[in-house]
Amino acid sequence: MVSATIDLLKKELPVEQTSLLLSQDIKTGLVLVDLVNGFCTVGAGNLAPVQHDKQISCMVQESVRLARLFCEKKWPVFAFLDTHHPDILEPPYPPHCIAGTDEARLVPCLCIIDLQWLENEANATLRRKDCIDGFLGSVDKDGSNLFVDWVNKNQIKAILVVGICTDICVLDFCLRNFRSPIHVAQDIDGALAHPQDLMHHIGLYMAKGRGARIVSEVSFAAE
Ligand SMILES: [Zn+2]
């Protein structure tokens, strides 16, 4: 029943996927959305996967690969980390990613191997956000927006987005409809509590409707 529904959706709401070749000619920024334990690490919290999920681990591996390559090239990276004050809930979701806990930290493969350099790299910007929409979560008290500043400062012309979940946080970010082209790397998916295949497809379709290009493979041009 579910697979028949998904087949029908894919037919009615097609999401073409292409490959993306990155080169120095188009200044591209990498955006990592919520690669935190609370969403990506098995058993890490209320919104974490309850068991190993191939799609999530593929997404994390690909995100780490891209983050490393971007940092090697000194290309700009922006990482959102969902982080909440313990007294401020985010309905309709149960408590998750509470500040200061492991849930609000980058996943182990970023954390143990990569976090230190990611934090210290001049090309990486980390932003803790307390709402689904990373763009809104980038607004500071003085009205400035860290994400906008990052785009302007780095003169970014295209954005590559990877992360979790394609139907919630990644989607909200893409719905911002930036003037820069957005590429959403596929093989990204959701936590429990929403049907993964179904909502992943719908999320990608909606992102596509806002001008995002869905890419299944990302490679770098030889220099
Ligand atoms: Zn949250």
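These numbers come from a predicted model, not from an experiment. (Residues numbered from 1 in each chain as written. Predicted model: local features only at pLDDT ≥ 70, side-chain atom pairs only at ≥ 80, totals over all residues.)

**Examining the overall build of the chain**
Put simply, the rule reads: Helix and strand definitions here come from DSSP, where helices need a minimum of 4 consecutive H or I residues and strands a minimum of 2 consecutive E residues; each element is numbered from the N-terminal end. Think of it as a crowd count around each C-beta: if 20 or more other C-beta atoms lie within 10 Å the residue is buried, if 12 or fewer it is exposed, and in between it is partly exposed, with C-beta placed from the backbone throughout. Note on contacts: each residue gets a C-beta atom placed from the backbone, and two residues are in contact if those atoms are within 7 Å.
Counting secondary structure elements, the chain contains seven helices and seven strands. The order of helices and strands in the chain, counted from the N terminus, is α-β-β-α-α-β-α-β-α-β-α-β-α-β. For the chain, the proportion of its 223 residues judged to be buried stands at 40%. Contacts in the chain between residues far apart in sequence, at least 24 positions, make up 73% of those at least 6 positions apart.

**A look at the nonpolar core**
Generally speaking, nonpolar side chains in soluble globular proteins are found buried as a group. Here is the rule: Any set of buried Ala, Val, Leu, Ile, Met, Phe, Trp, Tyr and Cys residues joined through C-beta atoms within 7 Å is what this text calls a nonpolar core.
Counting 50 residues, the largest nonpolar core has Leu 30, Leu 32, Val 33, Val 36 and Val 161 as its most contacted members. Ranked by residues supplied to this core, first place goes to helix α3 (residues 54-72) with seven residues. Discounting residues that sit within four places of it in the chain, Val 36 has contacts with Leu 81, Asp 82, Cys 97, Glu 103, Ala 104, Arg 105, Leu 106 and Val 107.

**Describing helix α7 (residues 196-209)**
Test applied: Given the number of residues in a helix, its expected span is that number minus one, multiplied by 1.5 Å. The arc refers to the directions leading from the helix axis to the C-beta atoms.
Here α7 spans 20 Å end to end across 14 residues, near enough to the 20 Å set by a 1.5 Å rise per residue. Every buried residue of α7 is listed here: His 200, Gly 203, Leu 204 and Ala 207. Buried positions in α7, seen along its axis, are confined to an arc of 95° and lie on one side of it. Two residues or fewer past α7, Gly 211 is found with a positive phi of approximately 100°.

**Observations concerning the pairing of strand β2 (residues 28-33)**
As a reminder of what qualifies: Following DSSP output, two strands are said to pair if at least two bridges run between them.
Of all the six residues making up β2, six are buried; the element is thus mostly covered by neighbouring parts of the structure. The alternating pattern of β2 places Thr 28, Leu 30 and Leu 32 on one face and Gly 29, Val 31 and Val 33 on the opposite face, and all of these are buried. Inspection of the sheet shows β2 paired to strand β5 (residues 158-163) by six bridges, in the parallel sense. Bridge pairing in β5 places Val 33 opposite Gly 163. Bridge analysis of β2 against strand β3 (residues 77-82) gives four bridges, and the strand direction is parallel. Within β3, the residue paired with Val 33 across the bridge is Phe 80.

**Here we look at the environment of Gly 29**
Of note, Gly 29 is situated in strand β2. For Gly 29, a count of 23 C-beta atoms within 10 Å gives the class buried. With 121 residues separating them along the chain, Gly 29 and Trp 150 place their C-alpha atoms 9.1 Å apart. The residues contacting Gly 29, other than those within four sequence positions of it, are Pro 76, Phe 78, Val 151, Asn 154, Ile 156 and Ile 159.

**Remarks on the confidence of the model for the chain**
What counts is decided by this rule: Known as pLDDT, the predictor's confidence for each residue is given on a scale from 0 to 100.
Predicted confidence across the chain gives a mean pLDDT of 81, with 83% of residues reaching 70 or more. When the criterion is pLDDT under 50, residues 111-116 qualifies, and its contacts beyond four places in sequence or with other chains add up to eight contacts.

**Description of the environment of Leu 66**
Position of Leu 66 among the secondary structure elements: in helix α3. Separated by 152 residues in sequence, Leu 66 and Val 218 place their C-alpha atoms 8.3 Å apart.

**Overview of unusual backbone geometry**
With an omega of 5°, the peptide bond between Pro 91 and Pro 92 qualifies as cis. Here Pro 92 lies in the loop between β3 and α4 (108-120). At Lys 74, a residue that is not glycine, the phi angle is positive and equals roughly 65°. As for its placement among the helices and strands, Lys 74 is situated in the loop between α3 and β3.

**Regarding the environment of Gln 24**
Tracing the backbone shows Gln 24 in the loop between β1 (18-22) and β2. Here Gln 24 falls in the exposed class, since 11 other C-beta atoms lie within 10 Å of it. Sequence spacing of Gln 24 and Glu 223 is 199 residues, and the spatial spacing of their C-alpha atoms is 8.3 Å.

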